[in-house]
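Now for the letters of each chain:
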Amino acid sequence: MPRRCKMCRAKVGNGAIISNLVALCSWDCFKKYQKSHYAKQVHDKVMRKDRADRKERLKTYNDYVKEAQKEFNHYIRVRDKNKPCISCGTEQMSAKRGGAFDAGHYRSRGSSPAHRFHLFNCVGQCKKCNRWLSGAVADMRIGLIKRFGIERIEALENDNKVRKFTGTELQRIKKIFSKKRRLYEKKFR
Ligand SMILES: [Zn+2]
Ligand SMILES: [Zn+2]
């Protein structure tokens, strides 16, 4: 398909000024383009992308872990937003970050990093249980068995495979759970 000049809509052929962002049929149109609002928009967009790329390149492995965990935990809080605290039964009121509930891990992320994104290993839990009662693990186990069934929880407890996520996997996990969370929010508003 022939491209058209951004300024005058003429088809652009030989001698045109073409970049991957814009096509211009002539020097005159190029000059008009340079003064246009559109040129500024393109420039700003390029600069923004450039900054984002640079930021992305500076990310460390731990940044990827953190970002993926943040999305995963957010998904869990939204998934469990109408469920009570897994340990003490307190009703949850909001899935917002910094709300009353955390996404609490049963097998901790520190001692069991392979399960940091495991769907039965992470559940909505009140801040009191999660932060001040060290996860209230014994009650959490009872709650988990009630919610997911003993087979799943025992399988989780007995799973000692070592798993190290690659940077690419972490980026994918981040994307997947961000998408899942948005779908969930739409469906259960
Ligand atoms: Zn033109
Ligand atoms: Zn609680």
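Above this note sits the structure.
Below is a summary of the structure that appears in this document. Note that the structure is a prediction, hence the values are computed from the model and not measured.

### Considerations on the overall build of the protein chain
A count of helical and extended segments in the protein chain gives seven helices and four strands. When the helices and strands of the protein chain are read in sequence order from the N terminus, they spell out β-β-α-α-α-β-β-α-α-α-α. Rg of the C-alpha trace for the protein chain: 25 Å, well past the compact-globule value of 16 Å for 189 residues, more than 25% over. Dimensions of the protein chain, computed from the C-alpha atoms along their principal axes, are close to 75 × 35 × 30 Å. Restricting to contacts in the protein chain with at least 6 residues of sequence separation, those with at least 24 account for 59%. As displayed, the protein chain has an accessible area near 12800 Å², and 54% of this comes from carbon and sulfur atoms. When the 48 basic and 18 acidic side-chain charges of the protein chain are each reduced to a single mean position, those positions are 8 Å apart.

### Some points on a positive patch on the surface
A surface patch of positive charge is lined by Arg-4, Lys-6, Arg-9 and Lys-11. With respect to the element layout, Arg-4 can be found in the segment before strand 1 (17-18). Taking relative accessible area as the criterion, Arg-4 reaches 43% and is therefore assigned partly exposed.

### Re the coordination of the zinc ion (ligand 1)
Bound to the zinc ion (ligand 1) are the protein donor atoms Cys-5 (SG), Cys-8 (SG), Cys-25 (SG) and Cys-29 (SG), situated 2.3 Å from the metal. The sequence motif formed by the donor residues of the zinc ion (ligand 1) is C-x2-C-x16-C-x3-C. Highlighted residues: Cys-5 in the segment before strand 1 and Cys-25 in the loop between strand 2 (23-24) and helix 1 (27-35), separated in sequence by 20 residues.

### Topic: the pattern of salt bridges
One pass over the structure, following the stated rule, counts 15 salt bridges. Across the pair Glu-56 and Lys-59 runs a salt bridge, and its minimum N-O distance is 3.0 Å. With a closest N to O distance of 2.7 Å, Asp-102 and Arg-131 form a salt bridge. One end of the pair, Asp-102, is in strand 3 (residues 101-105); the other, Arg-131, is in helix 4 (residues 127-132), with 29 residues separating them in the sequence. Residue class for Arg-131 comes out exposed when judged on its relative accessible area of 52%. The network of salt bridges with shared partners includes Glu-56, Lys-59, Glu-67 and Lys-174.

What counts as what
Residues numbered from 1 in each chain as written. Chains lettered and ligands numbered in written order. Predicted model: local features only at pLDDT ≥ 70, side-chain atom pairs only at ≥ 80, totals over all residues. Heavy atoms only, no water. Helix = DSSP H or I, 4+ residues; strand = E, 2+ residues; numbered from the N terminus. Rg over C-alpha atoms; globule rule 2.2 N^0.38 Å. Contact = heavy atoms within 4.5 Å. Areas by Shrake-Rupley, 256 points an atom, 1.4 Å probe, with all protein chains shown as cover. Lys, Arg positive; Asp, Glu negative; His and termini not counted. Charge placed at Lys NZ, Arg CZ, Asp CG, Glu CD. Patch = residues over 30% accessible without salt bridge, like charges linked within 9 Å, V, L, I, M, F, W, Y side chains within 5 Å. Salt bridge = Lys/Arg side-chain N within 4 Å of Asp/Glu carboxyl O. Buried < 20%, exposed > 50% of the residue type's maximum accessible area, 1.4 Å probe, protein only. Donors = N, O, S within 2.8 Å, 3.2 Å for Na, K, Ca; no water.

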